[in-house]
Amino acid sequence: MKKVSVSFTLNGDPVTADVPVTWTLLKTLREYFELTGAKEGCGVGECGACTVLVDGKAVNSCLYPIPEVEGRSVTTIEGIAEKDGTLHPIQKAFLENNGVQCGFCTSGMIMSAKALLDQNPDPSEEDIRKSIAGNFCRCTGYVQIVESIQMAAKLKE
Amino acid sequence: MPDYLFVGKSIPRTIEADKVTGKAVYINDLRRPGMLYGKILYSTHAHARIKRIDASKARRLQGVRAVLTGRDIPDVRVGFLKDQTVLKKDVVRQFRDEVAAVAAITPEIAEEALSLIEVEYEPLPAVFDPIEAMKEGAPLVHETDARGRPVKSNILPLPWKFSVGDMEQARKEAAFVTKDHVSTTWVNQCCMGTSGCVAEFDQSNNLTLYSPTNVIFGHIGRISEYFSRIGLAGKKIRVVNPVVGGSFGTKLDTDIYEFIAIQLALNTRKPVKILFDREEEFRALPPRQPAVFTIEQGCDREGRLVFRHCEAVLDNGAYTSWGATTPSVMIMPMSSLYRVPNVYFKATCVYTNNIYAQAMRGYGNPQATFAVETSMDSLAEAAGIDPAEFRLINRNQPGDETPMNLKITSCGLEECIRAVKERLQWDEKKKARQKTRGLGMASLIHVAGGARVTKSDGHGIMVKLDEFGHVDVIESGTDQGQGSPTVISQIVAEALGVRPEDVFITFGDTALALWDAGTHASRHTFMAGNAALIACAKAKRQILDMAVDIIPKIVKLNFKRMKRKDPGFAEPDLDYGLIADPEDLDIRDRMIFPKKEPDHPYFRVPISDILRNGLHVGIGESRVVAAEAFYDPPTEMLNREMKGNLSMTYAFGTTGVEVEVDEETGDVRILNLVAAHDVGKAMNPTLLLGQIYGAGYTGVGYGLTEEIKVRNGRVMNPSFRDYQMLTAMDVVPIEPVIVEPDDKDGPYGAKGVGEPGLVPTAPAIANAVYDAIGVRIRDLPITPEKILTALKQKKGGMNV
Ligand code: FES
Ligand code: FES
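Residues numbered from 1 in each chain as written. Chains lettered and ligands numbered in written order. Predicted model: local features only at pLDDT ≥ 70, side-chain atom pairs only at ≥ 80, totals over all residues. Heavy atoms only, no water.

Focus: the overall build of chain B
When helices and strands are counted, chain B shows 18 helices and 30 strands. On C-alpha atoms alone, chain B measures out to a radius of gyration of 29 Å, which is about the 28 Å that the 2.2 N^0.38 rule sets for 800 residues. Its C-alpha atoms give chain B principal-axis dimensions of roughly 105 × 75 × 50 Å. Residues classed as buried in chain B amount to 63% of the 800 residues present. (Helix = DSSP H or I, 4+ residues; strand = E, 2+ residues; numbered from the N terminus. Rg over C-alpha atoms; globule rule 2.2 N^0.38 Å. Buried < 20%, exposed > 50% of the residue type's maximum accessible area, 1.4 Å probe, protein only.)

Here it is, written out as structure tokens:
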């Protein structure tokens with residue numbers, strides 16, 4: 001299969017991936033870089049479990065063709081805590097307020113929330129719900145996820 | 001109120017930090033050296049004879065390591081009624097029938113290999129409607145039973161019947177009687193993590209199965225039975241849970257894909273992983289059991305129920321998994337939700353060529369409660385009694401013994417109903433009615449202190465402490481995301497006298513754990529909590545026994561040191577009697593101290609000092625602390641008449657909703673949803689709310705949007721786009737109310753709470769819709785189309 005060599009920034013580090021040209025960003029993250037935090041919940045852009053940030057925007061990495069990552073900056077759930085292990089305020093808030101149950105949707109939820117809070121540090125509930133409208137969760141009923149993101153916004157202040 | 005340090009507190013889920021950093025390893029992420037990827041070829045017919053399978057092209061594809069058809073593996077029957085084989089050899093009976101399987105070095109190659117397998121079918125007549133399937137002359141889904149004897153009918157040999165009292169007499173006594181036809185459909189559990197497993201044999205054919213099952217020991221039982229028929233009798237089976245991406249009933253049975261992974265691993269001598277994609281999750285995983293009910297109830301002039309009579313038909317699909325046993329749980333609300341002296345319930349399960357069903361949160365309870373609570377509303381109206389008042393009149397009460405012999409101990413149902421009334425301003429709003437707005441409520445009863453559905457309903461637990469004061473807990477249950485790592489660590493910390501962050505819990509490994517009946521039936525906190533209390537009491541006693549010996553030694557050693565430093569130091573005169581008996585000591589927040597003088601300046605010692613000094617002593621004297629417990633409560637299995645007190649205690653609750661219905665579009669908007677739950681004791685209020693919100697939301701989906709559309713046996717909407725699960729944009733204002741009657745048998749008074757939130761939600765919505773627009777939707781989900789059709793019929797003068 002035809003391969004491509006794609007260079008980009010991954011969680012702050014410059015990287016190059018040599019992968020089949022048909023691979024998605026999700027597959028590259030999971031298989032090539034062994035970053036399995038982003039999950040495949042559907043593989044077709046309908047659930048948000050695979051959400052990562054590309055140049056600060058939340059995207060469904062299961063739909064994102066790897067060649068298009070060239071030169072961009074990708075952030076995954078593995079890249080948002082401090083280097084010393086201190087959790088990002090959103091991660092803290094999700095633990096604090098039960099925003100995580102089974103956790104399968106969590107990486108995607110947190111990345112969508114991060115994209116929002118980086119843009120809008122003081123979002124309304126409506127803003128928050130919109131930002132995670134494409135992130136499905138079966139466990140929580142979203143209530144404590146929304147609350148966790150609200151709490152994170154406060155923690156960040 | 002005892003002054004607890006951790007129980008009843010909203011301790012955060014810090015123990016699960018790996019889930020917010022991407023470190024948690026789900027089955028999706030698990031990879032073993034040399035692992036192959038398995039894929040399954042499914043039937044393309046609802047009912048057909050397999051005339052020919054040619055897998056030769058697939059076998060020749062580079063990277064393929066095995067291709068199996070029904071001819072390549074032993075012809076062994078599996079499943080609850082042993083009505084299917086792992087791969088189907090001669091006949092397919094539903095679209096999800098597994099016809100062949102491939103193992104290859106990548107999932108892509110495995111997929112390609114599937115497309116190279118040629119299967120020729122000869123279609124057979126099929127039957128999709130259970131009522132049709134019951135009729136004489138209907139096409140037979142199975143021509144023989146498990147033993148090869150010919151069968152004459154599609155009706156399963158599982159006659160669920162429950163009968164108490166004198167129905168004929170009761171009918172005569174009833175002043176008001178109503179009859180409703182009610183139906184519920186298939187819904188998918190929609191775990192966000194799709195299903196999968198990794199099967200791996202060692203050189204001696206002992207199996208390790210990485211599986212997200214919530215019944216790890218049940219898995220072993222079923223697989224070992226299979227092993228005994230394929231020549232692997234006596235081999236060791238170990239089941240290990242990865243982190244589980246949602247369960248909700250899907251992991252109760254050993255699924256066919258797991259047997260297929262085992263066969264592929266055996267055949268290739270390599271670890272084999274099978275991981276479902278989302279479409280398979282919708283097409284090939286057994287969903288919630290659908291059912292149709294005809295329910296009649298009667299009450300006297302005062303509104304007291306005199307009888308309940310219900311017949312149900314369940315579309316079993318082509319094979320039998322736990323779905324066919326949901327009537328055993330339906331009997332509980334049928335016989336015991338509200339006081340009703342005369343009860344008749346009969347459920348008939350019928351084979352069809354549809355997909356078959358399994359368990360989902362609540363088991364058969366949501367279906368049956370939808371029937372009972374729809375009927376309660378009809379009857380209240382017929383009797384001219386306010387629906388809330390009607391429920392209060394008939395409410396269950398502490399000390400009741402129900403017709404099913406359930407012994408009700410603690411019961412907060414009255415408080416729940418009253419709380420819902422108050423929060424919804426029920427009486428005020430009923431008086432000042434607003435057009436198209438309405439109120440409805442429904443209640444529930446569920447097992448909340450275990451459920452003896454197998455001979456043992458036990459739960460084993462082991463607790464050991466290291467010399468630093470860390471506690472290892474080896475749980476025999478599984479963690480599916482319900483919060484047990486936190487709650488069990490709170491219980492252990494409280495009971496042992498350490499802190500939750502000192503507790504490390506291993507879940508889901510049959511090689512380490514004692515035994516457990518399964519993390520199902522909302523039983524985990526109750527069972528594991530009680531087991532933990534027993535084990536912790538034993539471990540604590542061991543520590544205190546050591547402390548009695550060691551504290552004086554530590555104190556004296558300290559005095560010696562002090563004297564060395566300061567020769568003038570005068571040893572105080574201490575009352576060693578304070579610490580002479582382990583009974584006189586206690587442990588709290590990592591410190592051991594005499595009960596009579598907790599702040600004693602010399603006798604208050606860190607627990608780790610005792611553990612270290614107890615271990616590093618010498619031959620014959622060194623001690624370690626470890627204890628185990630197996631808690632198996634004194635409950636009863638259901639007898640032949642389907643009676644028995646199968647749980648130590650029962651959960652009650654009431655959901656009330658206010659809705660607004662748009663008569664133009666048929667849309668239902670939930671303005672307020674109050675979920676009042678009798679939980680015994682809230683062990684961790686924040687986590688508890690998560691269970692109520694999550695279950696409540698799934699219940700709203702069950703009520704309003706969710707449905708697997710099955711047409712002629714085929715799933716028509718196998719994607720999130722077409723299956724309408726609620727998203728964050730579907731705002732449902734859920735207001736939980738926690739009722740804590742404190743249960744004498746629960747650990748620290750707690751009852752189970754995992755399933756209840758879902759159970760009464762859909763009927764409460766249906767009843768509110770009726771209150772709003774005067775049409776009763778008796779067929780879930782309550783879609784805008786159904787509402788518009790019903791409104792049209794009402795306008796046309798038809799009675800709905
Ligand atoms: S996996 Fe990408 S949206 Fe579902
Ligand atoms: S926490 Fe389980 S799907 Fe969201």
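Read on, since the account is not over.
Re the sheet that holds strand β13 (residues 237-240) of chain B
All names here are of chain B. Strand order across the open sheet formed by seven strands is β3-β7-β1-β14-β11-β12-β13, with mixed pairing between neighbours. Single-partner strands in this sheet number two, and they are β3 (64-69) and β13. The average angle at which neighbouring strand axes cross in this sheet is 20°, direction not considered. When strand β11 (residues 196-201) meets strand β12 (residues 207-210), the two strands line up antiparallel, connected through four bridges. (Pairing = 2+ DSSP bridges. Axes fitted to C-alpha atoms, helices over the stretch in contact; angles between N-to-C directions.)

Details of a positive patch on the surface
Residues Lys560, Arg561, Arg564 and Lys565 of chain B make up a contiguous surface patch of positive charge. You can see lysine 560 of chain B is positioned in helix α14 (residues 524-565). (Patch = residues over 30% accessible without salt bridge, like charges linked within 9 Å, V, L, I, M, F, W, Y side chains within 5 Å. Areas by Shrake-Rupley, 256 points an atom, 1.4 Å probe, with all protein chains shown as cover. Salt bridge = Lys/Arg side-chain N within 4 Å of Asp/Glu carboxyl O. Lys, Arg positive; Asp, Glu negative; His and termini not counted. Charge placed at Lys NZ, Arg CZ, Asp CG, Glu CD.)

Some words on unusual backbone geometry
In this structure, proline 781 of chain B follows leucine 780 of chain B across a cis peptide bond, with omega equal to -5°. The backbone of glutamate 34 of chain A shows a phi angle near 50°, a positive value even though the residue is not glycine. As for its placement among the helices and strands, glutamate 34 of chain A is situated in the loop between α1 (25-32) and β3 (51-54). Phi at arginine 590 of chain B is positive, roughly 75°, even though this residue is not glycine.

Things to note about the domain arrangement of chain A
Residue and element names in this part refer to chain A. Domain boundaries in chain A define domain 1 (3-79) and domain 2 (89-155). Taking only C-alpha atoms, the centre of domain 1 and the centre of domain 2 are 21 Å apart. Listed by partner, the interface residues are 16 residues for domain 1 and twelve residues for domain 2. Of the roughly 1100 Å² buried where domain 1 meets domain 2, counting both sides, 65% is carbon and sulfur surface. The largest contributions to the domain 1 side of the interface with domain 2 come from Thr51, Leu53 and Ile77, which together make up 42% of the buried area. (Domains from an automatic or database assignment. Contact = heavy atoms within 4.5 Å. Buried area = accessible area lost by both parts, 1.4 Å probe.)

Brief notes about the nonpolar core
Residue and element names in this part refer to chain B. Among the nonpolar cores identified, the biggest contains 212 residues, and Phe227, Phe293 and Phe345 are the most heavily contacted of them. A per-element tally of this core places helix α6 (residues 256-268) first, with nine residues. The contact partners of phenylalanine 345, leaving out residues within four places of it in the chain, are Trp160, Lys161, Phe162, Phe293, Cys310, Ala312, Pro327, Met330, Ile331 and Met334. Core analysis: the second largest hydrophobic core is formed by 58 residues, Ala531, Ile543, Ile551 and Phe569 among them. (Core = buried A, V, L, I, M, F, W, Y, C linked by side-chain atoms within 4.5 Å.)

Notes on the packing of helix α16 (residues 685-704) of chain B against helix α17 (residues 761-773) of chain B
All names here are of chain B. Where α16 contacts α17, the two axes come as close as 7 Å, and the packing angle between them is 50°. Considered as vectors, α16 and α17 are oriented oblique to each other. In this structure, α16 meets α17 at a crossing whose hand is right-handed. Residues Gly696, Gly699, Val700, Tyr702, Gly703 and Leu704 of α16 pack against Thr761, Ala762 and Ile765 of α17. Residue composition of the contact of α16 with α17, by class: five nonpolar, four polar and no charged. (Parallel < 35°, antiparallel > 145°, perpendicular 65-115°, else oblique. Left-handed = near helix turned anticlockwise from the far one by under 90°. Nonpolar A, V, L, I, M, F, W, Y, C, P; charged D, E, K, R; others polar.)

Concerning the packing of aromatic side chains
Applying the stated rule across the entire model yields 19 aromatic pairs over all chains. Look at tyrosine 4 of chain B and tyrosine 748 of chain B: their rings are 5.0 Å apart centre to centre, the planes differ by 80°, and that puts the pair in the edge-to-face class. Taken together, the positions of tyrosine 4 of chain B in the segment before β1 (36-42) and tyrosine 748 of chain B in the loop between β30 (734-739) and α17 put the pair 744 residues apart, joining distant regions of the chain. Residues tyrosine 319 of chain B and tyrosine 356 of chain B carry aromatic rings whose centres are separated by 5.9 Å and whose planes lie at 85° to one another, so their mutual orientation is edge-to-face. Here tyrosine 319 of chain B is found in the loop between β16 (305-317) and α8 (326-336), whereas its partner tyrosine 356 of chain B is found in the loop between β17 (342-351) and α9 (365-383), with 37 residues between them in sequence. For the pair formed by tyrosine 319 of chain B and tyrosine 356 of chain B, the shared burial category is buried. Connected via pairs of aromatic rings, a cluster forms that spans Phe136 of chain A together with Phe282, Phe720 and Tyr723 of chain B. Sitting above the plane of the tyrosine 319 of chain B ring, lysine 88 of chain B keeps its charged end 5.3 Å from the centroid. (Phe/Tyr/Trp six-rings, centres within 6.5 Å; stacked < 30°, edge-to-face > 60°. Lys NZ or Arg CZ within 6 Å of the ring centre and 35° of its normal.)

Quick word on the domain arrangement of chain B
Residues and elements named next belong to chain B. Partitioning chain B into structural domains gives domain 1 (31-124 + 189-283), domain 2 (149-187 + 287-361 + 378-385), domain 3 (406-450 + 639-800) and domain 4 (458-631). The partner domain 4 presents 18 residues to the 22 residues of domain 3 that form the contact. Looking at the side of domain 3 facing domain 4, the largest losses of area belong to Met683, Pro747 and Tyr748, adding up to 37% of the total buried there. There are zero salt bridges connecting domain 3 and domain 4. Contributing elements (two or more residues each) for the side of domain 3 that touches domain 4: β18 (437-447) and α16. Counted by class, the side of domain 3 that touches domain 4 contains ten nonpolar, nine polar and three charged residues.

Looking at the interface of chain B and chain A
Listed per partner, the contact involves 50 residues of chain B and 42 residues of chain A. Across the chain B/chain A interface, buried area totals approximately 3800 Å², and carbon plus sulfur atoms make up 58% of it. Three residues stand out in chain B for area buried against chain A, namely Val20, Met192 and Ala728 of chain B, and they jointly supply 18% of the buried area on that side. Of the charged contacts, one joins glutamate 706 of chain B and arginine 138 of chain A as a salt bridge, the two residues approaching to 2.8 Å between their closest N and O atoms. Where chain B touches chain A, the interface holds 25 residue pairs in polar contact (both at pLDDT 80 or more). Counting residues per element, the side of chain B that touches chain A draws most heavily on α16 of chain B, at nine residues. A breakdown of the residues in the side of chain B that touches chain A according to their chemical character gives 22 nonpolar, 19 polar and nine charged. (Polar contact = N/O pair within 3.5 Å; in protein donor to acceptor, adjacent residues only side chain to side chain.)

Some details on the sheet that holds strand β10 (residues 176-184) of chain B
Residue and element names in this part refer to chain B. With mixed pairing, five strands are arranged side by side in an open sheet as β9-β17-β16-β15-β10. Strands with a single pairing partner mark the edges of an open sheet, and in this sheet they are β9 (160-164) and β10. Averaged over all pairs of adjacent strands, the angle between their axes in this sheet comes to 10°, without regard to strand direction. Alignment of β9 against β17, held across five bridges, turns out to be antiparallel. Following the sheet pairing, phenylalanine 162 is matched in β17 by phenylalanine 345. α8 contacts β9, β15 (291-299), β16 and β17 of the sheet and is inclined by roughly 155° relative to β17.

Focus: α16 of chain B
Since one α-helical turn is 3.6 residues long, residues separated by three or four positions face the same way. Over its 20 residues, α16 of chain B runs 28 Å from end to end, which matches the ideal 28 Å to within 8%, given 1.5 Å per residue. The buried fraction of α16 of chain B amounts to 18 of the 20 residues, a majority that puts the element mostly inside the structure. (Expected span 1.5 Å × (residues − 1).)

Remarks on the pattern of salt bridges
Residue and element names in this part refer to chain A. Evaluated as defined, the whole model comprises 68 salt bridges over all chains. A salt bridge links aspartate 118 to lysine 114, with the shortest nitrogen-to-oxygen separation between them at 2.8 Å. Of this pair, aspartate 118 and lysine 114 both sit in helix α3 (residues 106-119), four residues apart, which is roughly one turn of the helix. The buried category is assigned to lysine 114, whose relative accessible area is 14%.

Regarding the environment of glycine 303 of chain B
Residue and element names in this part refer to chain B. As for its placement among the helices and strands, glycine 303 is situated in the loop between β15 and β16. C-alpha of glycine 303 to C-alpha of serine 522: the two residues are 219 residues apart in sequence and 32 Å apart in space. Once residues within four sequence positions are removed from consideration, glycine 303 is found in contact with Ile385, Phe390, Ile393 and Asn394.

Some details on a nonpolar patch on the surface
Residue and element names in this part refer to chain B. Taken together, Ile131, Met134, Ile155 and Val292 make up a surface patch of nonpolar side chains, about 270 Å² in accessible area. For methionine 134, the location among the structural elements is in helix α3 (residues 130-134). Assessed through its relative accessible area of 31%, methionine 134 is described here as partly exposed.

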